Structures are given as structure tokens and as C-alpha cells.
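# Structural description and commentary
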Amino acid sequence: MSDEPTEVEEPADGGGAVLTRDDVSRELAQHPERLPMLPGELRPHPTPRQYVLIAVVLVVITALEVGASYLEGDVNSNLIIIVLTVMAAVKFFLVVAWYMHLRTDLLIFRRMFITGLLLAGAVYMIALLSLHAFANGRGGG
Amino acid sequence: MSDASLQLPAGAQVEPAHGHGGGAHESNLGVTNAKLGFWLFLSSEALFFGAFISTYFLYRGRDSLYLGGPKPKELYDIPFTSCTSFILLMSSLTMVLALAAIQRGDHRRFRIWILATALFGLTFIGGQVFEFTEFYREGLSLHSNLFGTTFFTLTGLHGAHVTVGIIWLLSLYARSMQGRLSSEHSEAVEIAGLYWHFVDIVWIFIFTAVYLVPAN
């Protein structure tokens, strides 16, 4: 990273050029309300208005989740589980991308996060499968 | 300069890393050590909670084989837990608004939003204490059955993390009141925010996996 305050140089391990000079200029010109950038960011953080919009989406998805859980008995429970899992995943990625700023931070954070997520998911899924956690006929809860 | 370099337009300011976080050191990746280290810490926390969520799934529905005690369906109050989940989601919004305020140097709004975040967190914890008390009165404890053991361990550990987060937020509020938290320290607020959003996303999965997914 250069010591010059007006230059942002992507680190060697930062993962390729995501933004061009024109992209940054255009974005800052279109959104003068944007915040000053912190170290480790490729783009400025979202605006408060965008934060509120994300919160509205999160609340709507949560309401849909709760509604879907009440369909138990009327709809195949496997279908409910899939729908609930997808909605939880969408909420998860919205918070991580917008509120934890992985969307605007250097690619190194995104790569670390996704690698860790995939590794952890694989390890725990293998553990659960090997312990027959999803086997049928093990008694009702 | 490589092709990946970016030249900001005139008037745009990007301060060097040591300008933020109160003298934080920059790693050779172009980010501060504090932020990089905290992401690594969050990775270990993800593995930690992953183990407990997996354990919950492993023992889920096995009580009827050999243990008594109340079952999830007899205890859960989904509308109540939905309200506390909504409150925790809203606390994530107030957290990012606090960060935006400190980045702009608006200390009055920063204090309002950070205090709101802490109060939302306290409300969530209050709801959890109420829920635990109700479940205990119904006969569920750590020892009553596998559901009790896994439920109290998983949600209790999450509640402990939220409590740590509340203390952290209140300490930032106190630092701001003492004038020891300038906009140059906004990375300290960002890191506290990363922790707060992390406990929020863990709850997103706990809420779905423990409360909403139908029991088999």
C-alpha cells in the first residue's frame, strides 16, 4: 500500500482488480454523502439509507420465516426445512455483505470468510453424517 | 504502480492506516492487524458455535427413546421469540448507523445509536432470561433431558456473547462521553460492530434451527 494519501493500491494478495479508477470516481461523484474510506476497504461503506433498506428486507424475511413455520402439518416438513434454510442463508449473507462490509472490503476478507465457511460446513456435515444425525426412525422430539 | 492501483478524484481523501484505530499497525496485506486479527477470531467463534449447533442437531428428537421431560413443542412461544429476534436484528441496524455517525464525526448521533444498540441487546437478554425462567418452571433444566442440555447450552452461550457485546458497546459509549473516541478511532467501532453483527448472524441460525424447523 502506498503512503500517498490519495492512492489506493491493491495488495499483491488482494485478489485482482475489482474497481477501476473511473469506477471510484463515478461512485464518489454520484454519492457525495458517502463516508470516508477506512484502511482495508475497496469502496466506501453503504449510506444510512441503504442500511435501513437492508433492515427492512431482513424484517420481511423474518416475518416470512415465522409464517412458514406455522405451515407445519399442512405442507411437507422437508419443504418447510428447505425454505427456512434458504431464508436464513439469505439473511446471513445480507448481514455479512452489507453490515459487516464484506461487499466493500478487500477481497482477502471475502476469501478468508468463504474458505472458513466452506471448511467448517464440510467438517460439521461430515461429523453429523458419520454420527447418523439425519437418520430416520430415531424417535420423535 | 500496477494496473490494480486506484487514483481517487481530487478532494477525495484516503488516510493512511495509522490514521485510524488509534495508532493501529497496518499489515502487509493493506489492512490493519486489528481488523485482520479480529476476522480470524470470528472464524474461530464460527467453529465454536458450529460445534454446538451440530451437537443440537445430533441429539435433536432423541429424547423419546430414553428420556422424559418437556419437549420443544410444549414450551416454545414463537411469537415472543420472534419479537426478541426482531429486536436483535434492529440492533444491527443501529450499530451500523453508529459507525456511520462516528465516521462522519457526528458524536451526538454516535452516542444515541450506540446506546440504542446496547439497549436493544439488553432487551434481547431480558427476553432470554424470561424464557429460561418460564422453561425452568415447566420442568426443563440442563439435566432434565437431551433437549434441555443442548438448548440451554447453545442459547446460553449465545446470550453470554451478547452480554459481552453489550459491555463492549457501553465501554465505547463511556469513552465517547469522556472525549476519548474521535472519528480517527472509527475502526475500534467497526471492530465492535463486527462482533455485534456476528452474534446477530449466529442468532439467525439458532432461531431457524432451534425454534422454527419442525421437530421430526
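Residues numbered from 1 in each chain as written. Chains lettered and ligands numbered in written order. Predicted model: local features only at pLDDT ≥ 70, side-chain atom pairs only at ≥ 80, totals over all residues. Heavy atoms only, no water.

### Digging into the confidence of the model for chain B
All names here are of chain B.
- Mean pLDDT for chain B: 85, with 83% of residues reaching 70 or above.
- Per-element confidence in chain B ranges from a low mean pLDDT of 42 for strand β1 (residues 6–7) to a high of 97 for helix α5 (residues 107–137).
- When the criterion is pLDDT under 50, residues 1–23 qualifies, and its contacts beyond four places in sequence or with other chains add up to 50 contacts.
- The ipTM assigned to the predicted complex is 0.83, against a pTM of 0.81. (pLDDT = per-residue confidence, 0-100. Helix = DSSP H or I, 4+ residues; strand = E, 2+ residues; numbered from the N terminus. Contact = heavy atoms within 4.5 Å.)

### Details of the packing of aromatic side chains
- Within the structure shown, the criterion is met by 28 aromatic pairs over all chains.
- Plain terms: the ring middles of F109 of chain A and W39 of chain B are 6.2 Å apart, the flat faces sit at 35° to each other, and that makes the pair tilted. On the criterion of chain membership, the pair formed by F109 of chain A in helix α4 (residues 107–130) and W39 of chain B in helix α1 (residues 33–59) is interchain, its members lying in two chains.
- Its relative accessible area of 4% is what places W39 of chain B among the buried residues.
- Ring centres of F80 of chain B and F130 of chain B lie 5.3 Å apart, and the angle between their planes is 55°; this geometry places the pair in the tilted category. One end of the pair, F80 of chain B, is in helix α4 (residues 78–104); the other, F130 of chain B, is in helix α5, with 50 residues separating them in the sequence.
- Of the aromatic side chains, those joined through ring pairs into one cluster are Y76, F124, F132, F135, F147, F151, F152, W203, F207 and Y211 of chain B.
- Lying over the aromatic face of W98 of chain A, R103 of chain A brings its terminal NZ or CZ to 4.0 Å of the ring centre. (Phe/Tyr/Trp six-rings, centres within 6.5 Å; stacked < 30°, edge-to-face > 60°. Buried < 20%, exposed > 50% of the residue type's maximum accessible area, 1.4 Å probe, protein only. Lys NZ or Arg CZ within 6 Å of the ring centre and 35° of its normal.)

### Considering the nonpolar core
- The biggest cluster of nonpolar side chains holds 81 residues, and the ones touching the most others in it are Y99 of chain A together with Y76, F110 and F151 of chain B.
- Excluding residues within four positions of it along the chain, F110 of chain B makes contact with A98, A101, I102, L172, S176, L181 and V189 of chain B. (Core = buried A, V, L, I, M, F, W, Y, C linked by side-chain atoms within 4.5 Å.)

### Details of the environment of I114 of chain A
All names here are of chain A.
- Structurally, the position occupied by I114 is in helix α4.
- You can call I114 partly exposed: its relative accessible area is 41%.
- Sequence spacing of I114 and E41 is 73 residues, and the spatial spacing of their C-alpha atoms is 18 Å.

### Side note on the confidence of the model for chain A
- Of the residues in chain A, 67% reach a pLDDT of 70 or more, and the chain-wide mean stands at 77.
- The secondary-structure element of chain A with the lowest mean pLDDT is strand β1 (residues 7–8) of chain A, recorded at 41, while helix α2 (residues 48–69) of chain A shows the highest, at 95.

### Points about the side chain of S92 of chain B
- With respect to the helices and strands, S92 of chain B occurs in helix α4.
- Classification of S92 of chain B as buried rests on a relative accessible area of 0%.
- Looking at S92 of chain B, its side chain comes within polar contact range of the side chain of D200 of chain B, at 2.7 Å.
- With residues up to four places along the chain from it excluded, the contact list for S92 of chain B reads Y99 of chain A together with W196, H197 and D200 of chain B. (Polar contact = N/O pair within 3.5 Å; in protein donor to acceptor, adjacent residues only side chain to side chain.)

### Some points on the side chain of S82 of chain B
- The residue S82 of chain B is located in helix α4 in this model.
- Among the polar contacts made by the side chain of S82 of chain B, one reaches the main-chain carbonyl oxygen of I78 of chain B at a distance of 2.7 Å.
- Those residues within four positions of S82 of chain B in sequence are excluded, and the remaining contacts are V66 of chain A together with F207 of chain B.

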